[in-house]
Each structure stands twice: as C-alpha cells, then as structure tokens.
Amino acid sequence: MPKDAPGLTIDEAARQLGVHYMTVYRYIRTGRLDAAKQGRTWSIRPDDVAQLRTGRSAAAPAGGGAAGEASDRLQGRLLAGDEPGSWAIIEEALVGGMEPTEVLVDLVAGAMSSVGSRWEDGEVSIADEHRATVVA
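Predicted, not measured: the structure shown is a model, and the values here were computed from it. (Residues numbered from 1 in each chain as written. Predicted model: local features only at pLDDT ≥ 70, side-chain atom pairs only at ≥ 80, totals over all residues. Heavy atoms only, no water.)

### What to know about the nonpolar core
- Counting 17 residues, the largest nonpolar core has Leu-74, Leu-78, Val-103, Leu-107 and Ala-132 as its most contacted members.
- Mapped by element, the contributors of at least two residues to this core are helix H4 (65-79), helix H5 (83-95), helix H6 (100-120) and helix H7 (126-135).
- The greatest single-element share of this core, amounting to six residues, is contributed by H6.
- Core analysis: the next-biggest nonpolar cluster, separate from the first, contains 12 residues, Ala-14, Leu-17, Leu-33 and Trp-42 among them. (Core = buried A, V, L, I, M, F, W, Y, C linked by side-chain atoms within 4.5 Å. Buried < 20%, exposed > 50% of the residue type's maximum accessible area, 1.4 Å probe, protein only. Helix = DSSP H or I, 4+ residues; strand = E, 2+ residues; numbered from the N terminus.)

See the structure below:
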C-alpha cells in the first residue's frame, strides 16, 4: 500500500464486512486479507476489503485450488515470520480434511519451494528466506 494512501483500521474493515474485529484480525493472520502493520495498528486497503466482501480474497491469487490457495497464504505468513498465523493455516487444512503428509508436501514444502524461487529471482531477501525457514 502506498504510504500516502489512506488505509482502513481493523475496526473500520470489520464494520464494512459486518463481522467482529477479531474476525478481521484472523483474516489478516491467516492471509485471507492483506494488511500492513504501521506502528501498532494495521492498515488495510479498502479495495481488499471490497474484494473479500464479494467473496474473493485479495491476498490469494485466483486458481490453484484449495491446496494452492492455502500454500500461497502460508507463504505469506512464513515470510512475515508469523508462526501463529502459519499454524492457523496448517490447522485449518487438517480440519478441512487434508492428510498430514499432504499438509507437509503440498502446503509447507510448496510454500518453501516458492520462497526459494522468489529468493533466487531476487523478489525476497536472504533475510526473508531465513525468516520463513525458521518459522517452517
């Protein structure tokens, strides 16, 4: 989000979505809603809230199936160094019926493979890659 663009707070996004503010926080932590932390508050793009309201997660690309979407969300949490958010995605996949080996191979290994490719392409730094590895 550009620094000069006004973002929504968690409370404002919750009002627009018609959900509790903790639901919005969970959406951020699990990668369903893209947000940037600015100091002690989260800033959320209004367009991302609108996309989520219409049923499309702005943080996850279209296509790729449920495992692909979860792997993309996991990658975001790993790069952010968010261990609780990463676990939430893994637990969601297990509760949703994925086998533990599928979670390891499709989600964790898939996310880490993508992080490695992004590092190789110069999209993420070696610090980002190391942070993701530590969380994984």
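### Looking at the packing of H6 against H7
- Contact geometry for H6 and H7: axes closest at 9 Å, N-to-C directions at 170°. Considering their axes alone, H6 and H7 lie roughly antiparallel with respect to each other. In this structure, H6 uses Met-112, Val-115 and Trp-119 to contact H7, whose residues at the interface are Ile-126, Glu-129, Ala-132 and Thr-133.
- Per-class residue counts for the contact of H6 with H7 are five nonpolar, one polar and one charged. (Axes fitted to C-alpha atoms, helices over the stretch in contact; angles between N-to-C directions. Parallel < 35°, antiparallel > 145°, perpendicular 65-115°, else oblique. Contact = heavy atoms within 4.5 Å. Nonpolar A, V, L, I, M, F, W, Y, C, P; charged D, E, K, R; others polar.)

### So, the confidence of the model for the protein chain
- Put simply, the protein chain has an average pLDDT of 83, and 87% of its residues get 70 or more.
- Highest mean pLDDT in the protein chain belongs to H7 (93); lowest belongs to H4 (82).
- For the stretch residues 58-64, pLDDT sits under 50, and the model shows 11 contacts to residues farther than four places along the chain or on other chains. (pLDDT = per-residue confidence, 0-100.)

### Comments concerning the pattern of salt bridges
- Considering all chains together, one arrives at nine salt bridges under this definition.
- The salt bridge partner of Arg-73 is Glu-92, with a shortest N-O separation of 2.5 Å. Taken as a pair, Arg-73 in helix H4 and Glu-92 in helix H5 lie far apart in primary sequence, 19 residues in all.
- On the basis of relative accessibility, which here comes to 5%, the residue Arg-73 falls in the buried class.
- Residue Glu-92 is classed as partly exposed on the basis of its relative accessible area of 31%.
- Glu-123 is the partner of Arg-118 in a salt bridge, and the nearest nitrogen-oxygen pair spans 3.3 Å.
- Given a relative accessible area of 27%, Arg-118 falls into the partly exposed group.
- Take Glu-123: its relative accessible area is 52%, and that puts it in the exposed class.
- One network of salt bridges, with partners in common, ties together Arg-32, Glu-69, Arg-73 and Glu-92. (Salt bridge = Lys/Arg side-chain N within 4 Å of Asp/Glu carboxyl O.)

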